[in-house]
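Residue-level structure breakdown
What follows is the residue order along each chain.
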Amino acid sequence: MSLQVIFATSLLLGLAAACPPSDRAALLSFRAGLHESYLGIFNSWTGPDCCHNWYGISCDADSGRVADINLRGESEDPIFERAKRTGYMTGTISPAICRLERLSSLTVADWKGISGEIPACLASLPYLRILDLIGNRVSGKIPADIGRLKRLTVLNLADNVITGRIPSSLTGLSSLMHLDLRNNRISGPLPRDFGKLRMLSRALLSGNQITGSVPASISQIYRLADLDLSANRLSGQIPPSLGKMPVLATLNLDYNQLSGAIPGSLINSGVSNLNLSRNSIQGPIPDMFGPRSYFTALDLSYNNLRGPIPKSISAASFIGHMDLSHNHLCGRIPAGSPFDHLEASLFQYNDCLCGKPLKAC
């Protein structure tokens, strides 16, 4: 093979690997909407080829198109170590980002000052798998058509100022595994067909203004291990079917307006971290503890529970921490484990509980 042919072949391969001018233009429009004056993370965004040595950008090896944008304001990257600080960025996320038709992941996280709305056109990116905008000041609503992202596995919009309802189309995210909407201003009810998210393993929605009841359809999500609906405005009763979920390990429903009785299924289930505190739950603590009852933490404080502490609690496999304070419980505290290692404060402010660690009966 002649040197001319080798040179020409190398040149063609190099051109194939370079990002298209349209992708480069879209990235530069995206950059123009953001302002970062401390770290200089955009200083490397120069030259014709955005697929090589542009900070936070990677491209698909086959198509040569931009596939991933990974910009985190809190990182172990040398840029942050040299500056000895976390990042701070202002500005907005430009809709120009939607011109990156092969985009697979968009992470613009923990910059604290990025505001504006989520571009609605993101819902038209067919290859998008990760959308992570945690830790900014993003406002407005979740795009109404977000359910079109059939490949999306991670949706993380936590710690922003997002308002409005959870769009009904969200339950169409058939590949979604991680949903994090914590600490926003989301209102309205959860979609009744929330259980359609069959691939979901974590659903974190605490610290919002969500109203209505807990959808019973959640129990249809076989893979769900962590469900956090705390610090909302949920009302109604806790669906008993939640206690029959095969892998649910953490259930946080504290700081809501839930009422009715504690489902016995939750006491004798696979849930190991159960927090129902600060609601309006009534009735007795179910006398259904058994070998399956293994609680690293069980918090039933600040409710309207009545009656005695059930005797079956001694049959639990393990209870590490238990808070029954601020209820209307009455009677003798059972002797032995777990009560022999719990503090008095965890039983105080009941009607007439007595026995160790409180005063003698």
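Up top is the structure these notes are about.
Residues numbered from 1 in each chain as written. Predicted model: local features only at pLDDT ≥ 70, side-chain atom pairs only at ≥ 80, totals over all residues. Heavy atoms only, no water.

**Digging into the overall build of the chain**
The secondary structure content of the chain amounts to 4 helices and 26 strands. Relative to its length of 361 residues, the chain is extended, with a C-alpha radius of gyration of 26 Å against a globular reference of 21 Å. Referenced to the eigenvectors of the C-alpha coordinate spread, the extents of the chain come out at roughly 95 × 45 × 45 Å. In the chain, which comprises 361 residues, the share counted as buried stands at 50%. Considering only intrachain contacts with a sequence separation of at least 6, the fraction spanning at least 24 residues in the chain is 50%. (Helix = DSSP H or I, 4+ residues; strand = E, 2+ residues; numbered from the N terminus. Rg over C-alpha atoms; globule rule 2.2 N^0.38 Å. Buried < 20%, exposed > 50% of the residue type's maximum accessible area, 1.4 Å probe, protein only. Contact = heavy atoms within 4.5 Å.)

**Structural notes on the packing of aromatic side chains**
Counting across every chain of the model gives 7 aromatic pairs. Seen from their ring centres, Phe289 and Phe295 are 6.4 Å apart, and the 70 degrees between their planes marks the pair as edge-to-face. Residue class for Phe289 comes out buried when judged on its relative accessible area of 7%. Exposure remark for Phe295: the relative accessible area of 0% places this residue in the buried category. Among the aromatic residues, ring-to-ring pairing joins Phe30, Phe42, Trp45 and Trp54 into one connected group. (Phe/Tyr/Trp six-rings, centres within 6.5 Å; stacked < 30°, edge-to-face > 60°.)

**Thoughts on the sheet that holds strand β13 (residues 209–211)**
Spatial ordering of the open sheet is given by β9-β11-β13, a layout of 3 strands whose pairing is parallel. Strands with a single pairing partner mark the edges of an open sheet, and in this sheet they are β9 (163–164) and β13. Direction of pairing for strand β11 (residues 185–189) relative to β13: parallel, over a ladder of 3 bridges. Across the sheet, the residue bridging to Gly188 is Ile210, located in β13. (Pairing = 2+ DSSP bridges.)

**Brief notes about the sheet that holds strand β21 (residues 297–299)**
If you walk across this open sheet you meet the 12 strands as β2-β3-β5-β7-β8-β10-β12-β14-β16-β18-β21-β24, and the pairing is mixed. The sheet is open, and its two borders are formed by β2 (57–59) and β24 (322–323), each paired with just one other strand. Both strand β18 (residues 273–275) and β21 contribute to a ladder of 3 bridges, which runs parallel. Each residue of the ladder has a partner; that of Asn273, found in β21, is Ala297. Across the face of the sheet, helix α2 (residues 21–32) comes into contact with β2, β3 (66–72) and β5 (105–109) while running at roughly 20 degrees to β3. (Axes fitted to C-alpha atoms, helices over the stretch in contact; angles between N-to-C directions.)

**Concerning the pairing of strand β25 (residues 328–332)**
Bridge count for strand β22 (residues 304–307) against β25 is 2 bridges, and the pairing is parallel. In the sheet register, Gly307 faces β25, and the bridge partner there is Leu329. Note: β25 against strand β26 (residues 352–354), 3 bridges, orientation parallel. Among the inter-strand pairings, Arg332 is bridged to a residue of β26, identified as Cys354.

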